[in-house]
Amino acid sequence: MFYRIALLVISYMLIATISTSGQSPVPNNSELKEVKFVYEGAYGTNKDVVVGRFGPVAVGNNDRVFIGDADQETIHVFEKTGEYVTSVGRIGRGPCEFEYITQNTEISFNDGHMYVTDDQLQFENSAHVFSLDDWSCAKTIRLLSDDKDDFKELEGYFPIRFYHLEEDNLLVVYRLTYEDIPDKKNYLYYLLQDEDGKILSDPVLRLPGPRYASYTVEGSYPFNAMHSFPFYSRSLFAITKGGLLLTANGTDFEIRVHDPEGNYVRSITHPFENKKLDIERMKDNYERTGYMSQLGEGVVSEMLEDEENVPENWPALNQMLVDDKNQIWVSTIIDDEVNEWWIMELSGEIISTFKWPVDKTIETVKNGFLYTREVETETGEEKINKYQIK
């Protein structure tokens, strides 16, 4: 049962002007809205289900919450009130079965169905489709187009996610394989496809791909370790109701608006003073915490030592999403422990700003609620927490 455990009101008064390094000069506007968040409850392990390592998280139109389980290879479904409903899909190599669920798995919804991407060998570069009425397997669609070879620029590229468009078409994002990244320019290509995998046009967008540092780890079994550090700028993308495409590279406070065909329309810009990057402090922190220790002892430090193009500043933007009211939410990097979120109209007009802890990742905003991924201090369990927006 979904208990209202506590009433937590998080309220931040808007500040007229902030001049500290890494903080934002918010316009002096008494009309800006004060945002409050009221804690409603949590989703995850309860008396009816044990949820393993969290993979993807999504919220349906009826406020049901869907949590991908990376240990049990299934999708757990919860009512908006928190009660466990069912688990969809299972481990396996047949239709609508998962060999792996990871952080790269995507969950989305369209026309009464749930789509879950898959990267297992049997259904690589595909999406399994489930009915939201009875959870049955409706079909599996292939995201990797047979037409890909007709586009020379897509050599070595494979789909990683997609977005639903009108008329059941998809906007599919292609990424370069890790093996090819050291030797080629790395981009993200956005292509219009139908559900049969047919590419309907030239790429509508080409954005810079993730930046990686690499280091050859010597030993009995040498390997090339790759890692994308959090201070690298990265491409951000969101799509609005009506099909406008929003992009940003994160370095500056600039959001580029494109029409559904990818044509540039305008930019949303705001003055912002980027936070200075203290690389020595970061090295010390990485060594102290054992950051990315799975790569091997001292590997991350060696990567940083070899990195020739360490930026002077942190990126301005860290995350971008569009809520169901067609409002833009972007997080700006201002501190090690908190980000400052800006809520804007599509015109770029600022509605509100608020500060939010870095370790409480905002997953989505829907139907007047904010959903975050958090770890309970006492138990160490991951939870999806729900806050009413007031």
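Residues numbered from 1 in each chain as written. Predicted model: local features only at pLDDT ≥ 70, side-chain atom pairs only at ≥ 80, totals over all residues. Heavy atoms only, no water.

Peer 1: Looking at this model, I keep getting lost on helix 1 (residues 279-289). Mind explaining?
Peer 2: Every α-helix carries 3.6 residues per turn, so stepping three or four residues along brings you back to the same face. All buried positions along helix 1 are accounted for by Ile-279, Met-282, Lys-283 and Tyr-286. Projected down its long axis, helix 1 shows its buried positions confined to an angular sector of 100°, all on one face. The outward face of helix 1, more than 90 degrees from its buried face, is lined by the exposed residues Arg-281 and Arg-288. Among the structural elements, helix 2 (299-306) are those in contact with the buried residues of helix 1. One or two positions beyond helix 1, positive phi appears at Gly-290, with a value near 70°. (Buried < 20%, exposed > 50% of the residue type's maximum accessible area, 1.4 Å probe, protein only. Helix = DSSP H or I, 4+ residues; strand = E, 2+ residues; numbered from the N terminus. Arc of directions from axis to C-beta. Contact = heavy atoms within 4.5 Å.)

Peer 1: How do you make sense of the packing of helix 1 against helix 2 when you look at a structure like this?
Peer 2: Relative placement of two packed helices is described by the angle separating their axes and the distance separating the axes. Running from N to C, helix 1 and helix 2 cross one another at 165°; their axes reach a closest spacing of 9 Å. Judged on the interaxial angle alone, helix 2 and helix 1 are roughly antiparallel. When the axes of helix 1 and helix 2 are compared, the crossing they make is left-handed. The residues of helix 2 that touch helix 1, namely those facing Ile-279, Lys-283, Tyr-286 and Glu-287, are Val-300, Ser-301, Leu-304 and Glu-305. Looking at side-chain class alone, the contact of helix 1 with helix 2 contains 4 nonpolar, 1 polar and 3 charged residues. (Axes fitted to C-alpha atoms, helices over the stretch in contact; angles between N-to-C directions. Parallel < 35°, antiparallel > 145°, perpendicular 65-115°, else oblique. Left-handed = near helix turned anticlockwise from the far one by under 90°. Nonpolar A, V, L, I, M, F, W, Y, C, P; charged D, E, K, R; others polar.)

Peer 1: Please explain the packing of aromatic side chains as it appears in this structure.
Peer 2: In this description, an aromatic ring pair is defined by two values, namely the gap between the centres and the angle between the planes. One pass over the full model with this rule turns up 25 aromatic pairs. In this structure an aromatic cluster arises from ring pairing among Phe-37, Tyr-39, Trp-329, Trp-341, Phe-354, Trp-356 and Tyr-387. Sitting above the plane of the Phe-158 ring, Lys-148 keeps its charged end 5.1 Å from the centroid. Its end group placed over the ring of Phe-369, Lys-386 keeps NZ or CZ at 4.2 Å from the ring centre. (Phe/Tyr/Trp six-rings, centres within 6.5 Å; stacked < 30°, edge-to-face > 60°. Lys NZ or Arg CZ within 6 Å of the ring centre and 35° of its normal.)

Peer 1: Got a minute to help me understand the state of the cysteines in this structure?
Peer 2: Simply put, the disulfide is a covalent bond whose two ends are the sulfur atoms of two cysteines. According to the stated counting rule, one finds 1 disulfide in the structure shown. Across the disulfide, Cys-96 is cross-linked to Cys-137 (sulfur-sulfur distance 2.0 Å). When the S-S torsion is 70°, as for the bridge of Cys-96 with Cys-137, the disulfide is right-handed. Highlighted residues: Cys-96 in the loop between strand 7 (90-91) and strand 8 (97-98) and Cys-137 in strand 12 (residues 137-142), separated in sequence by 41 residues. (Disulfide = S-S within 2.5 Å.)

Peer 1: Where do I start with a negative patch on the surface in this structure?
Peer 2: On the surface, Asp-111, Glu-166, Glu-167 and Asp-168 cluster together to form a negatively charged patch. Mapping Glu-166 onto the fold places it in the loop between strand 13 (157-164) and strand 14 (170-176). Given the relative accessible area of 68%, Glu-166 is considered exposed. (Patch = residues over 30% accessible without salt bridge, like charges linked within 9 Å, V, L, I, M, F, W, Y side chains within 5 Å. Areas by Shrake-Rupley, 256 points an atom, 1.4 Å probe, with all protein chains shown as cover. Salt bridge = Lys/Arg side-chain N within 4 Å of Asp/Glu carboxyl O. Lys, Arg positive; Asp, Glu negative; His and termini not counted. Charge placed at Lys NZ, Arg CZ, Asp CG, Glu CD.)

Peer 1: Can you walk me through the sheet that holds strand 21 (residues 254-258) in this structure?
Peer 2: Whether parallel or antiparallel, the strands of a sheet pair through hydrogen bonds between backbone atoms. Reading across the sheet, the 4 strands line up as 19-20-21-22 and stay open at both edges, with antiparallel pairing between neighbours. Each edge of the open sheet carries a strand with a single partner, namely strand 19 (236-239) and strand 22 (264-269). Looking at each pair of strands side by side, their axes are set apart by 20° on average, direction ignored. (Pairing = 2+ DSSP bridges.)

Peer 1: Would you explain the sheet that holds strand 4 (residues 65-69) in this entry?
Peer 2: Strands sit in the order 3-4-5-6 across an open sheet of 4 strands; the sheet is antiparallel. Lying at the two open borders of the sheet, with one neighbouring strand each, are strand 3 (54-59) and strand 6 (84-88). The sheet shows a mean angle of 20° between the axes of neighbouring strands, direction not considered. Direction of pairing for strand 5 (residues 74-78) relative to strand 6: antiparallel, over a ladder of 4 bridges. The residue bridging His-76 from the neighbouring strand is Ser-87, located in strand 6.

Peer 1: Any chance you could explain the side chain of Gln-319 here in plain terms?
Peer 2: As for its position among the elements, Gln-319 is in strand 23 (residues 317-322). Among the polar contacts listed, one links the side chain of Gln-319 to the backbone oxygen of Ile-362, at a separation of 2.8 Å. Gln-319 has contacts with Leu-236, Trp-329, Val-330, Ser-331, Trp-341 and Ile-362, leaving out every residue within four places of it along the chain. (Polar contact = N/O pair within 3.5 Å; in protein donor to acceptor, adjacent residues only side chain to side chain.)

Peer 1: Is there a simple way to explain the environment of Tyr-157 in this structure?
Peer 2: With respect to the helices and strands, Tyr-157 occurs in strand 13. Apart from residues no more than four positions distant in its own chain, Tyr-157 is found in contact with Lys-148, Tyr-174, Arg-175, Leu-176, Lys-185, Asn-186, Tyr-187 and Tyr-189. Reaching out from Tyr-157, the side chain makes a polar contact with the backbone oxygen of Lys-185 at a distance of 3.3 Å. At a separation of 3.1 Å, a polar atom in the side chain of Tyr-157 contacts the main-chain amide nitrogen of Tyr-187.

Peer 1: What's the story with the side chain of Thr-105 in this structure? I'm lost.
Peer 2: Among the secondary structure elements, Thr-105 is positioned in the loop between strand 8 and strand 9 (107-110). Residue class for Thr-105 comes out buried when judged on its relative accessible area of 5%. Engagement of the side chain of Thr-105 in a polar contact is seen with the backbone nitrogen of Thr-102, the distance being 3.0 Å. When residues no more than four places from it in sequence are discounted, the contact partners of Thr-105 are Pro-56, Tyr-100, Val-116 and Thr-117.

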